[in-house]
Amino acid sequence: IEYLKQFHFVDSEHEVNNLLKDGKSVLCEGAQGTMLDIDYGTYPFVTSSHPIAGGASTGAGVGPNYLKNIFGVVKAYATRVGAGPFPTELLNETGDNLRELGHEFGTVTGRPRRCGWLDLMVVKYAAGLNSLDYLAITRLDILDTFKELKICVGYKLNGKDVEGFPANLKDLEACEAVYETLPGWETDISGIRKYEELPENARKYVERIAEVTGVPLGIVS
């Protein structure tokens, strides 16, 4: 109880709405990710809530008209914890390298995360569900040592191109990823703080992500 006394408890719906009416900025951050959304994720391999942007309205108690400047945080490669379909998963040395370089182990459990190439079919699906204004691409430097990089730009199911994102889990599990191969930059970019100083191939990689998804770059880290 003594520990809790130092905190100021408020009616968050009342507080946040007053701030917005006064023209103040309020930052909402969602945990987990789109594919873990209880309605739009890969059910039953999901969480119990709505980590998509619309969940900010119900979570913070504000109307959807207030939601602006929506950033989609996207790793430069793909990971997944636990079971569920993962069309771009790498069950080989490349996947192991991604896991080791990115320290992709569960924060609490230490469980190894499943790793793979970036899946832009998932990112495009997330962009629509969240009405993304910008992409925030993270962990780009984890790819520093790769000679070549692949990005998934489509799926094939039974030899045919897939339109949209499969709603049926069995179909998603059976999908074959269609890849584009891009050259790596093979240099340490971890200390770079200006976009224009990134190697040309690093810029081409993130710009291709923006081009395929139709969402402009907002942050590259």
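Residues numbered from 1 in each chain as written. Predicted model: local features only at pLDDT ≥ 70, side-chain atom pairs only at ≥ 80, totals over all residues. Heavy atoms only, no water.

Trainee: So what's going on with the overall build of the protein chain? Which residues, and what values?
Mentor: Helix and strand counts for the protein chain come out as six helices and nine strands. Per element, the accessible surface of the protein chain, about 13300 Å² overall, is 51% carbon and sulfur. Between the mean site of the 22 positive side-chain charges and the mean site of the 31 negative ones, the protein chain shows a separation of 1 Å. (Helix = DSSP H or I, 4+ residues; strand = E, 2+ residues; numbered from the N terminus. Areas by Shrake-Rupley, 256 points an atom, 1.4 Å probe, with all protein chains shown as cover. Lys, Arg positive; Asp, Glu negative; His and termini not counted. Charge placed at Lys NZ, Arg CZ, Asp CG, Glu CD.)

Trainee: Could you give an account of the packing of aromatic side chains, naming the residues involved and the relevant values?
Mentor: In total, this model carries six aromatic pairs according to the counting rule given. For the pair Tyr155 and Phe165, a centre-to-centre distance of 6.1 Å together with 55° between the ring planes defines the contact as tilted. Taken together, the positions of Tyr155 in strand β6 (residues 148–157) and Phe165 in the loop between β7 (160–161) and α5 (169–174) put the pair 10 residues apart, joining distant regions of the chain. Judged by its relative accessible area of 1%, Tyr155 is buried. One aromatic cluster in this structure is built from Tyr125, Tyr155 and Phe165. (Phe/Tyr/Trp six-rings, centres within 6.5 Å; stacked < 30°, edge-to-face > 60°. Buried < 20%, exposed > 50% of the residue type's maximum accessible area, 1.4 Å probe, protein only.)

Trainee: Lay out the layout of surface pockets in plain terms, naming residues and giving numbers.
Mentor: The calculated volume of the second largest pocket comes to roughly 200 Å³. Forming the walls of the second largest pocket are Leu140, Asp141, Ile189, Ser190, Ile192, Arg193, Lys194, Tyr195, Leu198, Val220 and Ser221. (1 Å grid on protein atoms, 1.4 Å probe; cavity = no way out; pocket = protein on both sides within 12 Å on 5 of 7 lines; lining within 4 Å. Points joined across faces, edges and corners; volume = space filled by probe spheres on them.)

Trainee: An account of a nonpolar patch on the surface is needed here, citing residue identities and associated values.
Mentor: On the surface, a cluster of nonpolar side chains totalling about 490 Å² of accessible area is made up of Tyr3, Leu4, Phe7 and Phe9. Among the secondary structure elements, Phe7 is positioned in the segment before α1 (12–21). (Patch = residues over 30% accessible without salt bridge, like charges linked within 9 Å, V, L, I, M, F, W, Y side chains within 5 Å. Salt bridge = Lys/Arg side-chain N within 4 Å of Asp/Glu carboxyl O.)

Trainee: Could you give me a rundown of the environment of Val108, with the residues and numbers involved?
Mentor: As for its placement among the helices and strands, Val108 is situated in the loop between α3 (93–101) and β3 (114–116). Overall, Val108 belongs to the exposed group, its relative accessible area being 80%. Separated by 13 residues in the primary sequence, Val108 and Met121 place their C-alpha atoms 29 Å from one another.

Trainee: Can you lay out the pattern of salt bridges for me, pointing to particular residues and giving the numbers?
Mentor: Inspection of every chain in the model, using the stated rule, returns 10 salt bridges. Measuring nitrogen to oxygen at the nearest pair gives 3.0 Å for the salt bridge that ties Glu2 to Lys5. Each member of the pair, Glu2 together with Lys5, is exposed.

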